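What the coordinates show
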Amino acid sequence: MSDQNSKTSKTSAIWGGRFAQGPSAVMEEINASVGFDARLFAQDIQGSIAHCTMLQAQGIISQEDGNAILEGLEKIATEIEAGDFQFSRALEDIHMNIEARLAELIGDAAGRLHTARSRNDQVATDLKLWIRDAIDATDEGLKALQEVLIKRAEEHAGTILPGFTHLQAAQPVTLGHHLLAYVEMLGRDRSRLSDARARLNECPLGSAALAGTSFPIDRDHTANALGFDRPTANSLDAVSDRDFALEFLSTLSIAAVHLSRMAEEVVIWTSEPFGFMRLSDDFSTGSSIMPQKRNPDAAELVRAKSGRVFGNLLGLLATMKGLPLAYGKDMQEDKEPVFDAADTMELCLAAMGGMFGSATFDTERMQNAAGQGFTTATDLADWLVKELGMAFRNAHHVTGELVKLAEEKGVGLEDLSIDDMKSVEASITDAVFDVLGVENSVTSRVSFGGTAPDNVKAQCKSARKRFL
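Overview of the structure. (Residues numbered from 1 in each chain as written. Predicted model: local features only at pLDDT ≥ 70, side-chain atom pairs only at ≥ 80, totals over all residues. Heavy atoms only, no water.)

A complete count under the given rule lists 25 salt bridges for this structure. Asp 93 is the partner of Arg 119 in a salt bridge, and the nearest nitrogen-oxygen pair spans 2.7 Å. Placement of the pair is Arg 119 in helix H7 (residues 119-155) and Asp 93 in the loop between helix H5 (63-82) and helix H6 (94-106), with a sequence separation of 26 residues. Judged by its relative accessible area of 25%, Arg 119 falls in the partly exposed class. Across the pair Asp 382 and Arg 445 runs a salt bridge, and its minimum N-O distance is 3.6 Å. Of this pair, Asp 382 sits in helix H15 (residues 377-388) while Arg 445 sits in the loop between helix H18 (438-444) and helix H19 (453-467), and the two are 63 residues apart along the sequence. Residue Asp 382 is classed as partly exposed on the basis of its relative accessible area, which comes to 24%. Three or more residues are tied together by salt bridges with common partners; here these are Lys 75, Glu 79, Arg 101 and Glu 104. (Salt bridge = Lys/Arg side-chain N within 4 Å of Asp/Glu carboxyl O. Helix = DSSP H or I, 4+ residues; strand = E, 2+ residues; numbered from the N terminus. Buried < 20%, exposed > 50% of the residue type's maximum accessible area, 1.4 Å probe, protein only.)

Time to look at the side chain of His 178. Within the secondary structure, His 178 is located in helix H8 (residues 175-200). We classify His 178 as buried; its relative accessible area is 17%. Sequence-distant contacts of His 178, defined by excluding residues within four places in its chain, comprise Glu 265 and Trp 269. (Contact = heavy atoms within 4.5 Å.)

With that out of the way, let us pick up the packing of aromatic side chains. The description of two aromatic rings rests on the distance between their centres and on the angle between their planes. According to the stated counting rule, one finds five aromatic pairs in the structure shown. Every member of this aromatic cluster is reached through a ring pair, and the members are Phe 164, Trp 269, Phe 274 and Phe 276. We note Arg 132 situated over the ring of Phe 228; from NZ or CZ to the ring centre the distance is 4.9 Å. (Phe/Tyr/Trp six-rings, centres within 6.5 Å; stacked < 30°, edge-to-face > 60°. Lys NZ or Arg CZ within 6 Å of the ring centre and 35° of its normal.)

Moving on, we get to the environment of His 258. Within the element layout of this structure, His 258 appears in helix H11 (residues 243-270). Note on His 258: relative accessible area 8%, which makes it buried. Note: C-alpha distance between His 258 and Gly 450 (192 residues apart in sequence) is 21 Å. Discounting chain neighbours no more than four positions away, the residues touching His 258 are Tyr 182, Met 185, Asp 189 and Arg 192.

Here the focus is the packing of H7 against H19. Between H7 and H19, whose axes approach to 10 Å, the crossing angle comes to 160°. On the basis of the axis angle, H7 is roughly antiparallel to H19. When you trace H7 past H19, the crossing you get is left-handed. On the side of H7, the interface is formed by Lys 143, Gln 146, Ile 150, Lys 151, Ala 153 and Glu 154, while H19 contributes Val 456, Cys 460, Ala 463, Arg 464 and Phe 467. Here the contact of H7 with H19 is composed, by residue class, of six nonpolar, one polar and four charged. (Axes fitted to C-alpha atoms, helices over the stretch in contact; angles between N-to-C directions. Parallel < 35°, antiparallel > 145°, perpendicular 65-115°, else oblique. Left-handed = near helix turned anticlockwise from the far one by under 90°. Nonpolar A, V, L, I, M, F, W, Y, C, P; charged D, E, K, R; others polar.)

Right, let's get into the pairing of strand E1 (residues 160-165). Note that E1 and strand E2 (residues 168-174) share six bridges and pair antiparallel. Across the sheet, Phe 164 pairs through a bridge with Ala 169, a residue of E2. Between E1 and the antiparallel strand that follows it, E2, lie two residues; His 166 among them carries a positive phi value of about 60°. (Pairing = 2+ DSSP bridges.)

The subject of this paragraph is a nonpolar patch on the surface. A surface patch of nonpolar side chains, amounting to about 270 Å² of accessible area, comprises Leu 210, Leu 236 and Leu 325. You can see Leu 325 is positioned in the loop between helix H12 (297-320) and helix H13 (335-358). By relative accessible area, Leu 325 is classed as exposed at 63%. (Patch = residues over 30% accessible without salt bridge, like charges linked within 9 Å, V, L, I, M, F, W, Y side chains within 5 Å. Areas by Shrake-Rupley, 256 points an atom, 1.4 Å probe, with all protein chains shown as cover.)

Everything listed here is a matter of geometry and, on its own, says nothing about what the molecule does.
Here it is as structure tokens:
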């Protein structure tokens with residue numbers, strides 16, 4: 001028998017008697033998914049084991065056949081894990097590959113496994129199981145990055161650097177406070193993952209092709225066996241739903257925004273004009289022509305890969321937007337964007353943790369920069385309000401005049417003399433100098449969530465309790 005006839009025979013046997021011959025080479029190429037959905041093998045076998053034990057318990061298949069199926073599935077899992085399993089594109093996907101191998105191992109009993117289920121509910125279950133595992137892995141990656149940032153924040157609770165708005169020097173802050181801002185962002189990412197996990201945790205298995213089944217199955221049995229909270233309530237929705245994949249990609253996209261913002265600051269802070277941060281050799285690269293260069297390529301790649309995650313979300317949204325109920329083959333395109341986004345996020349989290357964990361900070365340069373650009377102007381305006389009873393808008397105007405005067409003299413606000421101050425506002429006293437200077441500024445920001453070093457130390461302890 002020729003290879004083509006062999007493929008035709010095997011494919012027809014899987015599909016059943018409806019087709020007289022197998023697909024063309026082009027059809028086989030566009031239809032096959034085993035090249036990427038083989039990643040679902042563990043979840044596919046896990047789901048099949050749960051389904052088989054339920055069929056046994058319900059008396060739908062015999063104990064003998066069920067035991068043979070379970071033994072065969074365990075052997076297949078061992079073969080795949082060891083790299084000894086031969087995948088066939090002619091068998092389209094991971095489900096048919098496993099089913100065909102099961103038939104080779106145990107004979108006709110293998111055909112009983114597919115009783116009361118369809119590839120439609122099977123793949124929906126597999127993908128939910130895979131994404132649930134990916135959510136847990138991503139959460140661990142986010143947690144690990146939070147731990148790195150909290151540790152560095154504790155080390156730099158009192159390190160002063162300029163805080164920016166519009167990338168213009170605004171007010172002095174502490175480096176620890178700055179790093180904790182990203183800890184909070186990542187905490188929200190973890191919260192969104194937790195919400196997504198809770199919503200996906202309903203089991204589609206038993207919905208069959210779209211309408212359920214006439215066999216006396218126990219869907220609670222399979223749901224419980226697979227760690228789901230409950231079976232899905234509507235069979236049509238169960239096999240056509242990919243909201244869980246979209247929500248996973250959406251959550252990863254928001255997390256990718258946060259990582260990209262962190263990466264952008266690494267690029268800025270490591271640039272020569274700033275010089276706030278130095279990456280370790282492990283996370284720096286050189287130039288092919290300029291020997292002096294230390295490039296933050298890891299940060300740049302994290303920044304770029306955010307677009308890749310966004311693209312995966314947009315691609316699946318476009319795939320799903322026009323599909324009628326229930327299942328369409330279009331939905332085979334759900335897996336590659338999910339796999340790619342999860343892999344990308346895993347790599348980016350590891351890279352970001354490595355960069356921040358091993359980086360060094362030029363604290364003197366940071367503090368010097370924090371004093372430039374009249375960053376204590378707000379402290380001066382606040383003092384005028386609190387000590388002299390001015391309305392804030394009047395204090396804002398007076399402070400603006402003092403900034404203009406300091407700029408003309410080429411000095412900082414704290415370097416103006418009391419006579420300079422009084423030339424603008426006669427009621428100003430020497431006490432004003434107690435609030436000027438970057439150290440006084442950050443120390444005064446004691447409101448909850450503020451940048452004062454003692455606040456930062458307390459927030460590090462709180463963050464450890466909340467997130468780690």
